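Listed here are the chains, written in short residue letters.
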Amino acid sequence: MASPEIEALTQALSRLPGLGPRSARRAVLHLLKKRETALEPLLSALGAVSQRLSTCQVCGNVDTLDPCAICADPRRDARALCVVEEVADLWALDRARLFPGKFHVLGGRLSALEGVRPEDLRIDSLVRRVSGGGVDEVVLAMNATLDGQTTAHYVAERLETYPVRITQLAHGLPVGGELDYLDEGTLAQALRARRPVA
């Protein structure tokens, strides 16, 4: 049996997505074996992020800066705004390097079953960003789920009085699929084939 501290580390790692108890034990053993090259740099990086972590007040991204690196990047096209459900979706689209504009994270999706209402999401701040001017296109990049499409429809209705082009990702995405799990080729095709919201 491991000490209580090592066991606590194993249990903490096993709660991370994609890691079960066995994988967590293997990770802990690796960290202990490679203390100077793996454990100490990991602890240092976790400490630095923990101290500086914040949510961007402009877009809702998670970063160590506020505004985040994406919002502060002058090379980004501020006239194009991509709306996503979660930070993971933003990171997936940004990782593909296909969208040159800025982002807006809603912080979830509308769901009657889960009790998520419009006021629970960052929809009002999105409307304020668009109403402030300077945005020509809003891309609704919601997951291809019923709740995701309901959210996209609601956001489109909220923005229809503003002089912006509202598009959404093409329906080539798999039904029930989530952006974070898609490959760059699928994301590229979906962005290229976006279309106006009727």
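Being a predicted model, the structure only gives us computed values, none of them experimental. (Residues numbered from 1 in each chain as written. Predicted model: local features only at pLDDT ≥ 70, side-chain atom pairs only at ≥ 80, totals over all residues. Heavy atoms only, no water.)

Caption draft 1: Local environment of the sheet that holds strand β3 (residues 77-84). Strand order across the open sheet formed by five strands is β4-β3-β5-β6-β7, with mixed pairing between neighbours. Across the chains shown, the open sheet's two edge strands, defined by having one partner strand only, are β4 (101-105) and β7 (195-196). One ladder, built from two bridges, connects strand β6 (residues 165-168) with β7; its direction is antiparallel. Bridging across to β7, threonine 167 finds its partner in proline 196. In this fold helix α5 (residues 87-95) packs onto β3 and β4, with an angle of close to 160 degrees to the strand it touches most, β4. (Pairing = 2+ DSSP bridges. Helix = DSSP H or I, 4+ residues; strand = E, 2+ residues; numbered from the N terminus. Contact = heavy atoms within 4.5 Å. Axes fitted to C-alpha atoms, helices over the stretch in contact; angles between N-to-C directions.)

Caption draft 2: View of the UniProt feature "zinc finger region: C4-type" (unreviewed entry) in the protein chain. When the UniProt feature table is mapped onto this chain, "zinc finger region: C4-type" (unreviewed entry) is found at residues 56-71. Secondary structure within residues 56-71 divides into 19% helix and 12% strand; the distance between the first and last C-alpha atoms comes to 8 Å. (UniProt positions renumbered as here; feature names shortened; annotations may be inferred.)

Caption draft 3: Quick look at the pairing of β4. Counting buried residues along β4, five of its five residues qualify, which places the element largely inside the surrounding structure. Two elements, β3 and β4, share five bridges in a ladder whose sense is parallel. Residue leucine 81 lies in a different strand from β4, and its bridge partner there is lysine 102. Note on the crossover from β3 through α5 to β4: the handedness is right-handed. (Buried < 20%, exposed > 50% of the residue type's maximum accessible area, 1.4 Å probe, protein only. Right-handed = clockwise from strand over helix to strand, strands pointing away.)

Caption draft 4: Layout of the pattern of salt bridges. Scanning all chains against the criterion turns up eleven salt bridges. One salt bridge connects arginine 35 with glutamate 40, and the closest N-O pair in it is separated by 3.6 Å. Residue aspartate 120 is joined to arginine 117 by a salt bridge in which the shortest nitrogen-to-oxygen separation is 3.3 Å. The exposure class assigned to aspartate 120 is partly exposed, which follows from its relative accessible area of 41%. We classify arginine 117 as partly exposed; its relative accessible area is 44%. Here the residues in one salt-bridge network are Arg117, Glu119 and Asp120, joined through shared partners. (Salt bridge = Lys/Arg side-chain N within 4 Å of Asp/Glu carboxyl O.)

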